[in-house]
Amino acid sequence: RSLLLEAENASNSAELGVAADIRKALANLELVLGNLAEAEALATENFEYSPRWRLGDAAVPLVRVLLERGNTEAA
């Protein structure tokens, strides 16, 4: 987690895709660890800031979090 967090901070000035991939990895990690609030925050941020051509990829972690929370309608 700490390595991914450091990479996320460093990627803020990098290409959008790099930062998005790191946030996606962090969101997936938080989801697996059961930290749903953190996973949802990262996944939502990724989805909101993704360009249209990356929305499908960005939606996957967010949908997984919503399903884990039992929010099938929003998912």
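Attention here is on the structure that accompanies the text. (Residues numbered from 1 in each chain as written. Predicted model: local features only at pLDDT ≥ 70, side-chain atom pairs only at ≥ 80, totals over all residues. Heavy atoms only, no water.)

1. Brief notes about the environment of Glu 68
The residue Glu 68 is located in helix α4 (residues 55–68) in this model. On a C-alpha basis, the gap between Glu 68 and Leu 31 in space is 8.5 Å, while along the polypeptide they are 37 residues apart. (Helix = DSSP H or I, 4+ residues; strand = E, 2+ residues; numbered from the N terminus.)

2. What about the pattern of salt bridges?
A complete count under the given rule lists 4 salt bridges for this structure. One salt bridge in this structure joins Arg 54 and Asp 21, with 2.7 Å as the shortest N-O distance. Of the two residues, Arg 54 is situated in the loop between α3 (36–49) and α4 and Asp 21 in helix α2 (residues 16–32); the sequence distance between them amounts to 33 residues. Overall, the relative accessible area of 41% leaves Asp 21 in the partly exposed class. Measuring nitrogen to oxygen at the nearest pair gives 2.6 Å for the salt bridge that ties Asp 57 to Lys 24. Of this pair, Asp 57 sits in helix α4 while Lys 24 sits in helix α2, and the two are 33 residues apart along the sequence. Residue Asp 57 is classed as partly exposed on the basis of its relative accessible area of 33%. The class for Lys 24 is partly exposed, based on a relative accessible area of 23%. Beyond isolated ion pairs, a larger network of salt bridges with shared partners links Asp 21, Lys 24, Arg 54 and Asp 57. (Salt bridge = Lys/Arg side-chain N within 4 Å of Asp/Glu carboxyl O. Buried < 20%, exposed > 50% of the residue type's maximum accessible area, 1.4 Å probe, protein only.)

3. Things to note about the packing of α3 against α4
Closest axis-to-axis distance for the α3/α4 pair is 9 Å, and the angle between their directions is 155°. Here α4 runs roughly antiparallel to α3, going by the angle between their axes. Considering only the axes of α3 and α4, their crossing is left-handed. Contact residues: α3 offers Leu 36, Ala 39, Glu 40, Ala 43, Thr 44, Asn 46 and Phe 47, while α4 offers Leu 55, Ala 58, Ala 59, Pro 61, Leu 62, Val 65, Leu 66 and Glu 68. Of the residues that constitute the contact of α3 with α4, the class distribution is 11 nonpolar, 2 polar and 2 charged. (Axes fitted to C-alpha atoms, helices over the stretch in contact; angles between N-to-C directions. Parallel < 35°, antiparallel > 145°, perpendicular 65-115°, else oblique. Left-handed = near helix turned anticlockwise from the far one by under 90°. Contact = heavy atoms within 4.5 Å. Nonpolar A, V, L, I, M, F, W, Y, C, P; charged D, E, K, R; others polar.)

4. A closer look at the nonpolar core
The biggest cluster of nonpolar side chains holds 7 residues, and these are Ile 22, Leu 26, Ala 27, Leu 42, Ala 43, Leu 62 and Leu 66. Broken down by secondary-structure element, the contributors of at least two residues to this core are α2, α3 and α4. Looking at this core, the element that brings in the most residues is α2, giving 3 residues. Excluding residues that lie within four positions of it along the chain, Leu 66 makes contacts with Glu 40, Asn 71, Ala 74 and Ala 75. (Core = buried A, V, L, I, M, F, W, Y, C linked by side-chain atoms within 4.5 Å.)

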